[in-house]
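The chain contents come next:
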Amino acid sequence: MLAVDRLKKIEELLNENGSVMISNLSELLCVSEETIRRDFEKLEKENKLKRVRGGAYLPETSDNEVPIQIREKIFLEEKQLIGKKCIELIKEGDCIMLDSSTTALYIAKNLNISKKKVTVITNSLKITSELENSKSIKVICLGGTLRKSTSSFVGYMTTDALKNLSADKAFVSCSSINSEFGVTDNHELGARVRKIMLMNSRKKCLVVDYTKFDSPSVNKICNLNDLDMIITDRKIPKNYKDILINNDVELVIVGVDRKEK
């Protein structure tokens, strides 16, 4: 297949599906993954897609979130490690809040395996589906406007419902963390849901992989000192560690046989 035909095919698949994975295109088009990466680079320069690790997606003018279909396939080992660690923090009888992040989905997957008797409050369709057949977990699914890129509910109906609920612990993620601006998100309505989840929980836990540090997004969720704990997969930059220590925010690094505070 000629390069021009290959690029056209990638565009067609993007328009059909909204996102594509490098590995799938490599197999479908019988070329190396490096060739697909070069194709992505050309198409991104023409503003026809946005590249992310492992794939690319067709950005919508109203929503810059990486589609959940891609996010579910990247940093899998890291998310699994974070998910397992969070289960250790959840006690029998707890009520917890989980946002619509793929990291929270891995918490739900591990929670399902654990058989702990808990209540889960979530705005995520994926998490609701994961837990729907559990005999030990009560699920409260928040309604609202369906945000398709994250398979989640957002909007005033979601936040109004959240304002009347409380939990022992909240586990939420974010688009980015910045030492000056705090915890931020690239979607206004998603940020509001996460903010209220944290506000209405006794213990506030941020679950993020190492790539989220040092690149602020537009919509603020909270300050770093509003958190009780950050659970991540690698050592974070020293300036963040110092800020967390000064604000008594516990830092848990999974994959490392120690806990830092």
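Treat the numbers as computed from the prediction; the structure is a model and nothing was measured.

How each quantity is defined
- Residues numbered from 1 in each chain as written.
- Predicted model: local features only at pLDDT ≥ 70, side-chain atom pairs only at ≥ 80, totals over all residues.
- Heavy atoms only, no water.
- Core = buried A, V, L, I, M, F, W, Y, C linked by side-chain atoms within 4.5 Å.
- Buried < 20%, exposed > 50% of the residue type's maximum accessible area, 1.4 Å probe, protein only.
- Helix = DSSP H or I, 4+ residues; strand = E, 2+ residues; numbered from the N terminus.
- Contact = heavy atoms within 4.5 Å.
- Pairing = 2+ DSSP bridges.
- Axes fitted to C-alpha atoms, helices over the stretch in contact; angles between N-to-C directions.
- Phe/Tyr/Trp six-rings, centres within 6.5 Å; stacked < 30°, edge-to-face > 60°.
- Salt bridge = Lys/Arg side-chain N within 4 Å of Asp/Glu carboxyl O.
- Expected span 1.5 Å × (residues − 1).
- Polar contact = N/O pair within 3.5 Å; in protein donor to acceptor, adjacent residues only side chain to side chain.

Q: Got a minute to help me understand the nonpolar core in this structure?
A: As a rule of thumb, nonpolar side chains are buried together in soluble globular proteins. Within the largest apolar cluster, 31 residues are counted, with the highest numbers of intra-cluster contacts made by L162, I177, V183, L206, L227 and I230. Counting only elements with at least two residues in this core, the list comes to β4 (95-98), β9 (167-172), α9 (188-199), β13 (219-222), α10 (238-246) and β15 (250-253). Ranked by residues supplied to this core, first place goes to α9 with 5 residues. Ignoring sequence-local partners within four residues, the contact set of L227 consists of V183, L198, K204, L206, C222 and V249. Ranked by size, the runner-up nonpolar core spans 24 residues in total, among them L98, V120, F171 and I231.

Q: Even after reading the chapter, I still don't get the sheet that holds strand β2 (residues 50-52), so can you show me in this structure?
A: The sheet built from 3 strands is open, its strands ordered β1-β3-β2 with antiparallel pairing. Each edge of the sheet is formed by a strand with only one pairing partner; in this case those strands are β1 (19-21) and β2. Here the average twist between neighbouring strands, direction ignored, is 20 degrees. As judged from the 3 bridges shared by β1 and strand β3 (residues 55-57), these two strands associate in the antiparallel manner.

Q: What is the right way to read the packing of aromatic side chains from this model?
A: How two aromatic rings sit relative to each other is given by the distance of their centres and the angle of their planes. Enumeration over the complete set of coordinates arrives at 1 aromatic pair. Between F213 and Y240 the ring centres are 5.2 Å apart and the planes differ by 70 degrees, which places this aromatic pair in the edge-to-face class. In this pair, F213 sits in the loop between β12 (201-207) and β13 while Y240 sits in helix α10, placing the two residues 27 residues apart along the sequence. Judged by relative accessible area, F213 falls into the buried class, the value being 10%.

Q: Hey, could you run me through the pattern of salt bridges in this one?
A: Two side chains carrying opposite charge are able to pair once their charged atoms lie near each other. Enumeration over the complete set of coordinates arrives at 14 salt bridges. Put simply, D185 and R194 hold a salt bridge, and the shortest N to O gap is 2.4 Å. Residue classification places D185 among the buried positions, given a relative accessible area of 0%. Here K238 makes a salt bridge to D242, at a shortest N to O gap of 3.0 Å.

Q: What am I meant to see in α9 here?
A: Along an α-helix, a turn takes 3.6 residues, which lines up residues three or four apart on a common side. For α9, with 12 residues, the first-to-last C-alpha span of 17 Å sits near the 16 Å given by 1.5 Å per residue. Of the positions making up α9, those classed as buried are G190, A191, V193, R194, I196, M197 and L198.

Q: I'm lost on unusual backbone geometry in this one. Help?
A: A negative phi holds for most residues other than glycine; trans holds for most peptide bonds. A positive phi angle, close to 60 degrees, is found at N47, a residue other than glycine. Within the fold, N47 resides in the loop between α3 (33-45) and β2. We classify N47 as exposed; its relative accessible area is 70%. The phi dihedral of S151 is positive, around 50 degrees, even though this residue is not glycine.

Q: Can you help me understand the environment of N247 in this one?
A: Residue placement: N247 occurs in the loop between α10 and β15. N247 sits in the partly exposed class, given a relative accessible area of 32%. In this structure the C-alpha to C-alpha distance between N247 and L227, which are 20 residues apart in sequence, comes to 9.0 Å. A polar side-chain atom of N247 sits 2.8 Å from the main-chain carbonyl oxygen of I243.

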